[in-house]
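# Structure at a glance
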Amino acid sequence: MKDKHHHHVDYDAEFINPSKDVVKQALIKDYDKIYKRSVEDREGFWAEEAKKLTWFKKWDKVLDDSKKPFYKWFTGGKFNIIANAIDRHLKNWRRNKLAIIWEGEPGDVKTMSYHALNREVSKFANVLKSMGVHKGEVVTIYMPQIPELPIAMLACAKIGAIHSVIYGGFSAEALAGRIEDAKSRTLITADGGFRRGNITDLKGIANEAMRRSATIEVCIVVKRTAQDVHMQGDRDFWYHDLMALPIANPKCETEVMDAEDPLFILYTSGTTGKPKGLMHSHGGYAVYTSTTHKYVFDIKDEDRWWCAADPGWITGHSYLVYSPLINGATLMMYEGAPNHPYPNRWWSMVEKYGITILYTSPTAIRGLMRFGESWPNRHDLTSLRLLGSVGEPINPEAWKWYHRVIGGGKCPIMDTWWQTETGGFVITPLPITALKPGSATKPFFGHEVAIVDEQGNQVADGEEGKLVLQAPWPGMARSIWGDPDRFKETYWKDYEKQGWYKAGDAARKDKDGYFWIIGRIDDVIKVSGYRLGTAEIESALITHYAVSESAVVGLPHEIKGNAIHCYVILRAGMTGNKALEEELKEHVSRELGPIAKPEHIEFVDSLPKTRSGKIMRRVLKARALGQDVGDISTLEE
Ligand code: WT7
């Protein structure tokens, strides 16, 4: 397949070598040597990293692969991620180090030392306990990007409850479905948040979700905007009221967990309609995220780390909240839009707080790039020493702009490929890596990655194929909540014989062994780096009275990477016009959330289907792009 929108990619690009300065301070100086060791003695490598963390009791076994693909790591070990993300820092000088610098969209600022973070987390942990939350139950969190969001996550982890964070941009329908799936009893939310100068109606949406799914008994609400909201007397409580009660005792023991006990579930889109709750564990996840974060971003005590992702996604879980805290870093968190009130908002914060590492997405870079260089150029960005990218392939134009304009030509860009399922980085450069713009470069330690065909044969260098991970790693998702069969089926069935994990991405490997990600091969679309299933959008469309059938595809978009295009067959008697088009866009946005709002709706009389009735989205896509539609021998009409 000639992938038209990747024609800018230059596989033979000249290497961009790191400067002497970068190499001098790098924690890892010899990738090849450590990589070799890490795959020859994988368990030894990970055990050595695990030893750097605090364990209540050391593990008996590093890797238990007796129930593949349900791998277990550090079995027999007693652990809690909070003992590492908070407790251990209280015993040394880091107690008084800044853990969190937070800025709200209106410009309000809060900072918290590790000491203060521990106090807030412990108090809230005691509040949760007094509200009847116990070890092993799922607590749903639906919040804007305010400090109470990580505090809520950490408080759950501290007492052994499993958090399920639902991105604050999701709709009532999406929230209700996820609450229902997890049978969650407790919801933590806020009255609203600030976004692009507007106030979001989080509590209104939460109320609607609680009407739709009856499992919530306790709802704790943070007052952020002070707008009027409806509180139900016997169910809803203000966070600040509870935190002012004697039950909010600032002393709370961290629960002793098994290394394999679940830490959180996080819902993500897949091929079929229902989002899946991926489960991550306390022990392996902590080891994996902290190790990848430390080596890839060369984390030092002087750093001010800014991961600009929302905690509602895996990037926020792994690299905004958990790994920076485990590594004792100072993290930056910002509530609002990158261009509010002006396109220099981010750059002014980099300057104001002296940010040393910025980790964001290609879509954000492209979005800010379009306002021109004069916005960043008004700010002193020389505190930056490393940059990062995640979420989708970064096109070389955006890469070069990021490198030159934001990084002043001296900050290497860590283009990290990974997924909700992998828990942390899998293919990624290190600061010392010679870079090629647009390539995520090479596997992280302990990983064996290949590009294969349907049968599992390696394809030739430069050829497109399927990306597989050939060996287990500590941060891998343990299962899908309530549906282990789906876990097996989705990721492990295609290469069952070999025991490989199928990532769902197409990729190439060049002659230098560098990986180039092309994109998803399943029915998942990445829109502005957000992951959406075509089936979810189709299900939302069908709930509209005018729609009889639909098919959704992702087509290239200059800023979003991909945009949602819908083909709709209307019910008999309905006519497609501009007004209905707008109505359907609004409908999807209301059903799923604004991130799923379609770019384009096209009314059609029929859809290309296989004889067994499966919609051939690939045909629709190829046709829209003016490409060869490929093998259509199974096409019915
Ligand atoms: C999918 C996973 C990993 C955190 C955010 C996304 C795409 C992710 C890259 C990258 C090219 C990338 C893949 C992957 N992706 N990072 N650096 N280069 N593609 O997590 O929502 O689970 O999505 O994002 O297609 O399969 P996610």
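Above: the structure in question.
Residues numbered from 1 in each chain as written. Predicted model: local features only at pLDDT ≥ 70, side-chain atom pairs only at ≥ 80, totals over all residues. Heavy atoms only, no water.

## Topic: unusual backbone geometry
Put simply, the rule reads: For helices the rule is a DSSP run of H or I covering at least 4 residues; for strands it is a run of E covering at least 2, with both sets numbered from the N terminus onward.
Omega for the bond connecting Lys68 with Pro69 falls within 30 degrees of zero, at 0°, which places this linkage in the cis form. One non-glycine residue with positive phi stands out, namely Thr441, at about 65°. Considering the arrangement of structural elements, one finds Thr441 in the loop between strand 20 (413–415) and strand 21 (449–452).

## Some words on the sheet that holds strand 19 (residues 386–389)
The test is simple: DSSP-based pairing: two strands are paired if at least 2 bridges between them are found. Each axis is a line fitted through C-alpha atoms, taken for helices only over the stretch in contact, and angles between the N-to-C directions span 0 to 180 degrees. Every residue pair with non-hydrogen atoms within 4.5 Å of one another is taken to be in contact.
The strand order across the open sheet formed by 7 strands is 5-4-17-16-18-19-20, and the pairing between neighbours is mixed. Each having just a single partner strand, strand 5 (109–113) and strand 20 make up the two edges of the open sheet. Pairs of neighbouring strands in the sheet enclose a mean axial angle of 15°, with direction left out of account. Packing of helix 5 (residues 114–130) onto the sheet brings it into contact with strand 4 (98–103) and strand 5, and relative to strand 5 it is tilted by some 95°.

## Details of the site of the ligand
The condition that has to hold: Nearness is judged by heavy atoms alone; a residue qualifies as near a molecule or strand once a single heavy atom is within 4 Å of it. Any pair of N or O atoms that falls within 3.5 Å is considered a polar contact. Within protein, one atom must be able to donate a hydrogen and the other to accept it, and sequence-neighbouring residues count only if both atoms are side-chain atoms. Accessibility throughout is a Shrake-Rupley quantity obtained with a 1.4 Å probe, and a residue counts as covered only by protein chains that appear here.
The full set close to the ligand counts 17 residues, and Asp415, Thr416, Thr420, Asp505 and Arg531 are the nearest of them. The side chain of Gln419 places a nitrogen or oxygen atom 2.9 Å from an oxygen atom of the ligand. Interatomic distance of 2.8 Å between a side-chain N/O atom of Arg520 and an oxygen atom of the ligand. Its free accessible area being 550 Å², the ligand has 96% of it covered by the protein chains. For the shell around the ligand, the secondary-structure elements that each account for two or more residues are helix 11 (314–326) and strand 25 (515–520).

## Points about empty space enclosed by the protein
Rolled over the atoms, a probe sized like a water molecule indicates the empty space that remains. Counted only if it meets this: Put simply, the grid is 1 Å and covers the protein atoms alone, a cavity is a trapped set of points that fit a 1.4 Å probe, a pocket is an open set with protein on both sides within 12 Å along at least five of seven lines, and lining residues have an atom within 4 Å of a point. Grid points are joined across faces, edges and corners, and a volume is the space filled by probe spheres set on the points. Polar here means any residue other than Ala, Val, Leu, Ile, Met, Phe, Trp, Tyr, Cys and Pro, which are nonpolar, and Asp, Glu, Lys and Arg, which are charged; Gly is therefore polar.
Under the definition given, this model contains 3 cavities of 30 Å³ or more. Within this model, the largest cavity holds a volume of roughly 50 Å³. Around the largest cavity sit Ile451, Gln458, Val459, Ala460, Asp461, Gly462, Glu463 and Lys509, which together line it. Residues belonging to the lining of the largest cavity are distributed by class as follows: 3 nonpolar, 2 polar and 3 charged.

## A short note on the packing of helix 7 (residues 172–182) against helix 8 (residues 202–212)
Stated precisely, the cut-off is as follows: What sets the label is the angle itself: under 35 degrees gives roughly parallel, over 145 gives roughly antiparallel, 65 to 115 gives roughly perpendicular, and the rest give oblique. Crossings are assigned a handedness: left-handed for a near helix turned anticlockwise from the far helix by less than a right angle, right-handed for a clockwise turn.
Orientation of helix 7 relative to helix 8, taken along the N-to-C sense of each, is 50°, at an axis distance of 8 Å. Taken together, helix 7 and helix 8 sit at an angle that is classed as oblique. The chirality of how helix 7 crosses helix 8 is right-handed. On the side of helix 7, the interface is formed by Ala172, Glu173, Leu175, Ala176 and Glu180, while helix 8 contributes Ile205, Ala206, Glu208, Ala209 and Arg212. Within the contact of helix 7 with helix 8, the residues separate by chemical class into 6 nonpolar, no polar and 4 charged.

## A short note on the packing of aromatic side chains
The line we're drawing: Only Phe, Tyr and Trp rings are paired, with Trp represented by its six-membered ring, and only when their centres lie within 6.5 Å; those with planes under 30 degrees apart are stacked, over 60 edge-to-face, the remainder tilted. Throughout, exposure labels follow a simple rule: accessible area from a 1.4 Å probe, protein chains only, divided by the maximum for the residue type, with under 20% read as buried, over 50% as exposed, and the rest as partly exposed. As a reminder, the over-ring test applies to NZ of lysine and CZ of arginine, requiring each to be within 6 Å of the ring centre and within 35 degrees of the ring normal.
In total, this model carries 41 aromatic pairs according to the counting rule given. Geometrically, the ring pair formed by Trp55 and Phe79 is tilted, given 4.4 Å between the ring centres and 50° between the ring planes. Placement of the pair is Trp55 in the loop between helix 3 (42–50) and strand 1 (61–64) and Phe79 in strand 3 (residues 78–79), with a sequence separation of 24 residues. Comparing Trp55 with Phe79, the two get one shared label, buried. On the basis of an interplanar angle of 90° and a centroid distance of 5.1 Å, the ring pair of Tyr319 and Trp418 is categorised as edge-to-face. On the criterion of sequence distance, the pair formed by Tyr319 in helix 11 and Trp418 in the loop between strand 20 and strand 21 is long-range, its members being 99 residues apart. The same class applies to Tyr319 as to Trp418, namely buried. Aromatic ring contacts, followed pair by pair, group Tyr31, Tyr35, Phe45, Trp46, Tyr288, Tyr295, Phe444 and Phe445 into a single cluster. The lysine or arginine in question, Lys223, covers the ring of Trp238, its NZ or CZ lying 4.7 Å from the ring centre.

## Digging into helix 13 (residues 362–369)
The buried count for helix 13 comes to 7 of 8 residues, which makes it a mostly enclosed element. Of all the positions in helix 13, only Pro362, Thr363, Ala364, Ile365, Arg366, Gly367 and Leu368 are classed as buried. Those residues of helix 13 that are buried lie in contact with helix 12 (345–353), strand 18 (357–360), strand 19, helix 15 (396–406) and strand 29 (561–570).

Structural measurements only, silent on function.
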